[in-house]
Amino acid sequence: FAIEQAEIDDAEIRIINKKPVDGKITLVASDVVSKFGKFGKDADFTFEGGKTTVTVLSTAKKEVKIELTTGKSNLKYADAAAKFITLPFNAVEKSVNALASKAEVTDNKPTFTGSALRPTVKIANLTEDTDFKVVLYEGKSIGEDITGKNSLAGTEAGDYVIWVEGIGEYGEHAAAGTFKINQANVATDVQWHTPSFTGYETPEELLDVLKGELIVGDHKLKYNTDYDVVLSPSTDGNFYSALITGIKGSNFTGTHTLTFNEDSKIETVTSVPTSVSYANGVLTLTNLNGATATVVSLNGKIAAKFTVSGNDVQKAVSLAPGFYILNAGNAATKFIVK
């Protein structure tokens, strides 16, 4: 079969805000950010003319041309006759480079939930989504070069590098720390639907009925993708033992043993009791690992937002007097700060 090229617009290629130096703006490969497709002469696209560095005068129009690499790119132009696309960018006077090293990173080791997860990043005197945004790249060390790498959603278990990118009045970008999404454990993080065994079911029929889904999160496990199963019949033929193992390199780890007999049945997923509360400047969140918690004032302004990391979390927050609503997962509460 053939894999079609994707249209270049779908890659969401963009140029970060840049701070001029000595009347010039120098764009390099790492200043080009995309969701997929890679920058480089042997990859999908470069600056016009195959260049990997471009200099623009501060007084010139703030735009740059991106062209696809001939015969190598996995992307295509929307207009077959096109030779390039033009991307605008902003020139700003402030940079986050020097500030990124002072960033406070928390909630950076959650467990896989099947949904996009992200760390909480705070920089003194700056506001996320106003002055900077957090972008994730694959990697284990903040010293890794991101040239040719794609920005990621932070969904899969693994290691990421946190980059802070200046927006609004700020520009440039720099590594601020690391982020790790831990594998979920097949024994402690999964609720299994267990088939019954009456003595007539085949191993294939048992495996077809066996199902698992995360206790926290919406992910339903896939056999041979997330986990393996070894079935062992008892010597008397009255039951089967199932050894479930998270597949290496997947989003799951650990082992779990189940027994199938005539008394076992398909179980419904048991809801884990969740709760949220506020008292004396501290939010308490229970059994909400991986969920996004938001504190919103009655006028709709977000006062705090973070990813819950752990099943018994207490987080200090500084709030002005007023009424607030705390939401996390399927739990919510209203409270007053006096």
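Residues numbered from 1 in each chain as written. Predicted model: local features only at pLDDT ≥ 70, side-chain atom pairs only at ≥ 80, totals over all residues. Heavy atoms only, no water.

Visitor: How would you sum up the overall build of the chain? Please name residues and give values.
Guide: Assigned secondary structure in the chain consists of 2 helices and 30 strands. Principal axes of the C-alpha set define a box for the chain whose edges measure 85 × 65 × 35 Å. Per-residue burial over the chain gives 42% buried out of 338 residues. For the chain, restricting intrachain contacts to residue pairs at least 6 apart in sequence, the fraction spanning at least 24 positions comes to 56%. By element, 49% of the accessible surface of the chain is carried by carbon and sulfur atoms, the whole surface being about 18,300 Å². (Helix = DSSP H or I, 4+ residues; strand = E, 2+ residues; numbered from the N terminus. Buried < 20%, exposed > 50% of the residue type's maximum accessible area, 1.4 Å probe, protein only. Contact = heavy atoms within 4.5 Å. Areas by Shrake-Rupley, 256 points an atom, 1.4 Å probe, with all protein chains shown as cover.)

Visitor: Residue-level account of the packing of aromatic side chains, with values.
Guide: Describing an aromatic ring pair means giving the distance of the ring centres and the angle of the ring planes. Counting across every chain of the model gives 10 aromatic pairs. Measuring from centroid to centroid gives 6.2 Å for Tyr 137 and Trp 163, while their planes differ by 75°, and the two rings are edge-to-face. Here Tyr 137, found in strand β13 (residues 132–138), pairs with Trp 163, found in strand β14 (residues 158–166); they are 26 residues apart in sequence, far enough to count as distant. There is no split in this pair, since Tyr 137 and Trp 163 are both buried. Ring geometry for Trp 192 against Tyr 227: centres 5.1 Å apart, planes inclined by 80°, an arrangement best described as edge-to-face. Note that Trp 192 is positioned in strand β18 (residues 190–193) and Tyr 227 in strand β20 (residues 227–233), a separation of 35 residues in sequence. The residues Trp 192 and Tyr 227 share a single accessibility class, namely buried. Taken together, the ring pairs in this structure connect Phe 39, Phe 45 and Phe 47 into an aromatic cluster. In this arrangement the basic side chain of Lys 315 is found over the ring face of Phe 306, its NZ or CZ atom lying 4.9 Å from the centre. (Phe/Tyr/Trp six-rings, centres within 6.5 Å; stacked < 30°, edge-to-face > 60°. Lys NZ or Arg CZ within 6 Å of the ring centre and 35° of its normal.)

Visitor: Could you give an account of the sheet that holds strand β9 (residues 85–88), with specific residues and numbers?
Guide: The strand order β5-β7-β9 describes an open sheet built from 3 strands, whose pairing is antiparallel. Only two strands of the sheet have a single neighbouring strand rather than two, namely β5 (45–47) and β9. Taken pair by pair, the neighbouring strands of this sheet meet at an average axis angle of 35°, ignoring direction. By the bridge criterion, 3 bridges tie β5 to strand β7 (residues 63–68) in an arrangement that is antiparallel. Opposite Phe 45, over in β7, you have Leu 68 as the bridge partner. (Pairing = 2+ DSSP bridges. Axes fitted to C-alpha atoms, helices over the stretch in contact; angles between N-to-C directions.)

Visitor: Describe the side chain of Glu 172, and please don't skip the residues or the numbers.
Guide: Tracing the backbone shows Glu 172 in the loop between β15 (170–171) and β16 (173–181). For Glu 172, a relative accessible area of 11% corresponds to the buried category. If we ignore the near neighbours within four places in the chain, the residues touching Glu 172 are Ile 16, Asn 17, Lys 18, Lys 19, Ser 95, Val 96, Asn 97, Val 164, Glu 165 and Gly 166.

Visitor: Please give an account of the pattern of salt bridges that cites residues and values.
Guide: A complete count under the given rule lists 10 salt bridges for this structure. Between Asp 159 and Lys 180 there is a salt bridge, with its nearest N and O atoms 3.5 Å apart. Taken together, the residues span a long stretch of sequence, with Asp 159 in strand β14 and Lys 180 in strand β16 at a distance of 21 residues. Three or more residues joined by partner-sharing salt bridges are found here, namely Lys 18, Asp 31 and Glu 172. (Salt bridge = Lys/Arg side-chain N within 4 Å of Asp/Glu carboxyl O.)

Visitor: Lay out the sheet that holds strand β27 (residues 302–307) in plain terms, naming residues and giving numbers.
Guide: Taken in spatial order, the 4 strands make up an open sheet running β27-β26-β29-β30, and their pairing is antiparallel. In the strand order of this sheet, the two ends are held by β27 and β30 (331–337), each with one partner. Taking the axes of each pair of neighbouring strands and ignoring which way they run, one obtains an average angle of 15° across the sheet. Pairing of strand β26 (residues 292–297) with β27, which is carried by 5 bridges, proceeds in the antiparallel orientation. If you follow Val 295 over to β27, its bridge partner there is Ala 304.

The quantities given are spatial measurements derived from coordinates; they are silent on function.
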